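Examining the three-dimensional arrangement
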Amino acid sequence: MDFFTYQNGELYCEGVPAEKIAREVGTPAYVYSKATLLHHYRQVADAFNPVNATICYSIKSCGNINLCKALAAEGCGFDVTSGGELFRALQAGGDPKKMIYAGVGKTDDEIREALNVGIAAFNIESEEEIENIDAVAGSLGKTAVGALRINPDVDAKTHVKTTTGRKGNKFGVDIDRAEGVFEKYRNLKHLRIGGLHLHIGSPVYEIQPYVDAVTKAIALIDRLTERGHKIEWLDLGGGFAVNYKNPDQALPVTEHAKALLPLLQGKPYRIALEPGRYIVGNAGILLTRVLYRKASGSKQFVIVDAGMNDLIRPTLYESYHFIWPTKPDAANVLDARHEERAPVNGETVDVVGPICESGDFLAKDRPLPHTRRGDLLSVFTAGAYGFAMSSNYNNRPRAPEVLVDGETYKVIRRRETYEDLVAAERM
Ligand code: LLP
């Protein structure tokens, strides 16, 4: 579900034509729909409302302060994973009491910063980290609160680079070692381990891996409770998939909730979730213009002005993003909801960027309507891990971010300039 629709033959983001934005701010440009963002946040919050879950938006997926502000205003908390993300969440008006700090490699400075602002909890990933957080909290005369991240050893059936919950991944503590860890660190002076955390991967298209992981976590909590440990919350992580290809590819979060709520209801501990992609994925598109066309061997290339520095997901994870002209010819106008479909009188092309690498592509062997120099294309479902993973590679200034709210839009991050590219360098 999103608010990117074709009206009168052209793509609109809510009430604003994509072409108007592209003309006024240039391309490439990220465009977000506020209504889509909030719709998905509310969908998650409502789905898990029966267990009164705390939703901590995973800021790594798309961290623009304006988007975070809109979410914070709805009561959303934040999952942060670096000092920079903590700073960003605070700038957005996020409540530290609704923030959790995750990540396998927290530095002492980062731990101090989090403790000093009164972050709700750390998600802790190793025994050495436990000892270090205890020591750093002690040096500040504070008591830290943490959840132990367990590795439940389930297969989330996602890309090898984004699967996190299998034995041998760098994340968490093996579930069969967790009881020993709780015993060993039962009486720390400056750290209370009161929760359990897991995150099995991203994006996860199936329900069963969640059910398996949560079932294992609940059994572990039962064993820990028997041994006298007080577990106050269970954090299920994020990972819910979104529609990259068509409107029915990913399950709505209500389906995940339907499977998980029976396991969670009535438990004496709180529930937390850390969705990123589900909230922002379909809320953003990347607008890019066709620069040139060329043929090479049997291939037809459409060269556009967005490259792998703007959207690295296709080359990094072989991920598919639906791409379509914002003003297709009449036969190729889409229904209200965009969906993967074969173009009428189309062609099969590689959509590639200007970067000097063969890995610089947005789509390979993709059937598309015919396009010409100057045509505007929309790369859909680019809200999550799009701008967030963009870079200045090839010294390309990063694209602007635009937020549409009804009939109006605002540039919420300006296009970088050449001066920005060298601003941190010392001559
Ligand atoms: N919690 C933890 C501990 C995580 O590591 C992540 C994502 C999330 C929550 C949020 O996951 P989400 O709900 O957004 O799926 N760059 C990759 C995805 C990497 C995910 C990293 N961790 C991509 O573009 O597919």
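In this text, all values refer to a predicted model and were calculated from it rather than measured experimentally.

Our focus in this paragraph is the overall build of the chain. The secondary structure content of the chain amounts to 12 helices and 21 strands. Against the 2.2 N^0.38 benchmark of 22 Å for 427 residues, the chain shows a C-alpha radius of gyration of 23 Å, consistent with a compact globule. In terms of principal-axis extent, the alpha carbons of the chain reach across some 70 × 55 × 45 Å. A total of 427 residues make up the chain; the buried ones form 55% of that total. Contacts in the chain between residues at least 24 apart in sequence constitute 71% of all its contacts with a sequence separation of at least 6. When the 51 basic and 55 acidic side-chain charges of the chain are each reduced to a single mean position, those positions are 1 Å apart.

Our focus in this paragraph is the packing of aromatic side chains. Summed over the entire model, instances satisfying the criterion amount to 9 aromatic pairs. Ring geometry for Tyr 101 versus Phe 122: centroids 5.9 Å apart, planes at 45 degrees, classification tilted. Remark: Phe 122 occurs in strand E8 (residues 121–124) and Tyr 101 occurs in strand E7 (residues 99–101); sequence separation between them is 21 residues. Tyr 101 gets classed as buried once you look at its relative accessible area, which sits at 1%. Look at Phe 122 and you get buried, because its relative accessible area is 1%. With 6.3 Å between their ring centres and 85 degrees between their planes, Phe 240 and Tyr 278 make a pair best called edge-to-face. Of this pair, Phe 240 sits in the loop between strand E12 (233–235) and helix H9 (253–264) while Tyr 278 is found in helix H10 (residues 277–280), placing the two residues 38 residues apart along the sequence.

Turning next to the domain arrangement of the chain. Considered domain by domain, the chain is made up of domain 1 (4–32 + 281–423) and domain 2 (34–279). The interface of domain 1 with domain 2 comprises 28 residues on the first partner and 23 residues on the second. Both faces combined, the contact of domain 1 with domain 2 buries some 2300 Å², and carbon together with sulfur accounts for 55% of it. Among the residues of domain 1 in contact with domain 2, Asn 282, Tyr 317 and Tyr 385 are the three that bury the most area, contributing 23% of the side total. A salt bridge links Asp 405 to Lys 34, with the nearest nitrogen and oxygen atoms 3.8 Å apart. Viewed at the interface, domain 2 and domain 1 are joined by 10 residue pairs in polar contact (both at pLDDT 80 or more). Of all elements in the fold, only helix H11 (313–317), strand E20 (401–405) and strand E21 (408–413) reach the threshold of two or more residues within the side of domain 1 that touches domain 2.

Contact geometry for helix H2 (residues 34–47) and H9: axes closest at 9 Å, N-to-C directions at 15 degrees. Between H2 and H9, the interaxial angle falls into the category roughly parallel. H9 is crossed by H2, and the crossing has right-handed handedness. Contacts from Gln 43, Val 44 and Ala 47 of H2 reach H9 at Val 253, Thr 254, Ala 257 and Leu 261.

What follows covers the sheet that holds strand E2 (residues 10–13). Pairing is antiparallel in the open sheet, where 3 strands are placed in the order E1-E2-E3. Of all the strands in the sheet, the pair left with one neighbour each is strand E1 (4–7) and strand E3 (16–17). As judged from the 2 bridges shared by E2 and E3, these two strands associate in the antiparallel manner. Of the residues in E3, the one forming a bridge with Tyr 12 is Pro 17.

This part is about the nonpolar core. Ranked by size, the top nonpolar core spans 121 residues in total, and within it Phe 48, Phe 122 and Leu 234 carry the most contacts. Sorting elements by how many residues they give to this core places helix H8 (residues 208–226) first, with 9 residues. Structurally, this core is a two-domain feature, drawing no fewer than three residues from each of domain 1 (4–32 + 281–423) and domain 2 (34–279). Formed by 5 residues, the second largest nonpolar core is a distinct cluster that contains Cys 56, Ile 100, Ala 121 and Ala 147.

Of all residues adjacent to the ligand, which total 18 residues, the nearest are Ser 202, Glu 274, Arg 313, Tyr 317 and Tyr 385. At 2.8 Å from an oxygen atom of the ligand is found a main-chain nitrogen or oxygen belonging to Gly 239. Considering the ligand on its own, with 580 Å² of exposed area, one finds that the protein chains cover 92% of that surface. With respect to the pocket detection grid, the ligand is positioned in the largest pocket. In terms of residue class, the shell around the ligand is built from 4 nonpolar, 8 polar and 6 charged. Counting contributing residues, the shell around the ligand receives three or more from each of domain 1 (4–32 + 281–423) and domain 2 (34–279).

This brings us to helix H6 (residues 127–139). Under the 1.5 Å per step criterion, the end-to-end length of H6 is 19 Å for 13 residues, consistent within 8% with the ideal 18 Å. Glu 129, Ile 130, Ile 133, Asp 134, Val 136 and Ala 137 are the residues of H6 that are buried. Here the buried face of H6 lies against helix H5 (108–116), E8, strand E9 (144–151), helix H7 (178–184) and strand E11 (191–197).

Position of Arg 277 relative to the elements: it lies in helix H10. Although Arg 277 is buried, it makes no salt bridge; Asp 79 carries the closest opposite charge, 12 Å away. Excluding its chain neighbours within four sequence positions, the residues that come into contact with Arg 277 are Ser 61, Ser 202, Pro 203, Phe 240, Val 242, Tyr 244, Arg 313, Ala 384 and Tyr 385.

Quick look at the layout of surface pockets now. As a volume, the largest pocket reaches approximately 880 Å³. If you trace the largest pocket, you find 38 residues lining it, with Lys 60, Thr 162, His 199, Ser 202 and Tyr 385 closest to the centre. Mapped onto the domain boundaries, the lining of the largest pocket takes at least three residues apiece from domain 1 (4–32 + 281–423) and domain 2 (34–279). For the second largest pocket, the calculated volume is near 270 Å³. Those elements giving two or more residues to the lining of the second largest pocket turn out to be strand E5 (54–58), E7 and strand E13 (270–273). Looking at side-chain class alone, the lining of the second largest pocket contains 9 nonpolar, 1 polar and 5 charged residues.

Analysis parameters
- Residues numbered from 1 in each chain as written.
- Predicted model: local features only at pLDDT ≥ 70, side-chain atom pairs only at ≥ 80, totals over all residues.
- Heavy atoms only, no water.
- Helix = DSSP H or I, 4+ residues; strand = E, 2+ residues; numbered from the N terminus.
- Rg over C-alpha atoms; globule rule 2.2 N^0.38 Å.
- Buried < 20%, exposed > 50% of the residue type's maximum accessible area, 1.4 Å probe, protein only.
- Contact = heavy atoms within 4.5 Å.
- Lys, Arg positive; Asp, Glu negative; His and termini not counted.
- Charge placed at Lys NZ, Arg CZ, Asp CG, Glu CD.
- Phe/Tyr/Trp six-rings, centres within 6.5 Å; stacked < 30°, edge-to-face > 60°.
- Domains from an automatic or database assignment.
- Buried area = accessible area lost by both parts, 1.4 Å probe.
- Salt bridge = Lys/Arg side-chain N within 4 Å of Asp/Glu carboxyl O.
- Polar contact = N/O pair within 3.5 Å; in protein donor to acceptor, adjacent residues only side chain to side chain.
- Axes fitted to C-alpha atoms, helices over the stretch in contact; angles between N-to-C directions.
- Parallel < 35°, antiparallel > 145°, perpendicular 65-115°, else oblique.
- Left-handed = near helix turned anticlockwise from the far one by under 90°.
- Pairing = 2+ DSSP bridges.
- Core = buried A, V, L, I, M, F, W, Y, C linked by side-chain atoms within 4.5 Å.
- Near = heavy atom within 4 Å.
- Areas by Shrake-Rupley, 256 points an atom, 1.4 Å probe, with all protein chains shown as cover.
- 1 Å grid on protein atoms, 1.4 Å probe; cavity = no way out; pocket = protein on both sides within 12 Å on 5 of 7 lines; lining within 4 Å.
- Sits in = over half its atoms within 2 Å of the grid points.
- Nonpolar A, V, L, I, M, F, W, Y, C, P; charged D, E, K, R; others polar.
- Expected span 1.5 Å × (residues − 1).
- Points joined across faces, edges and corners; volume = space filled by probe spheres on them.

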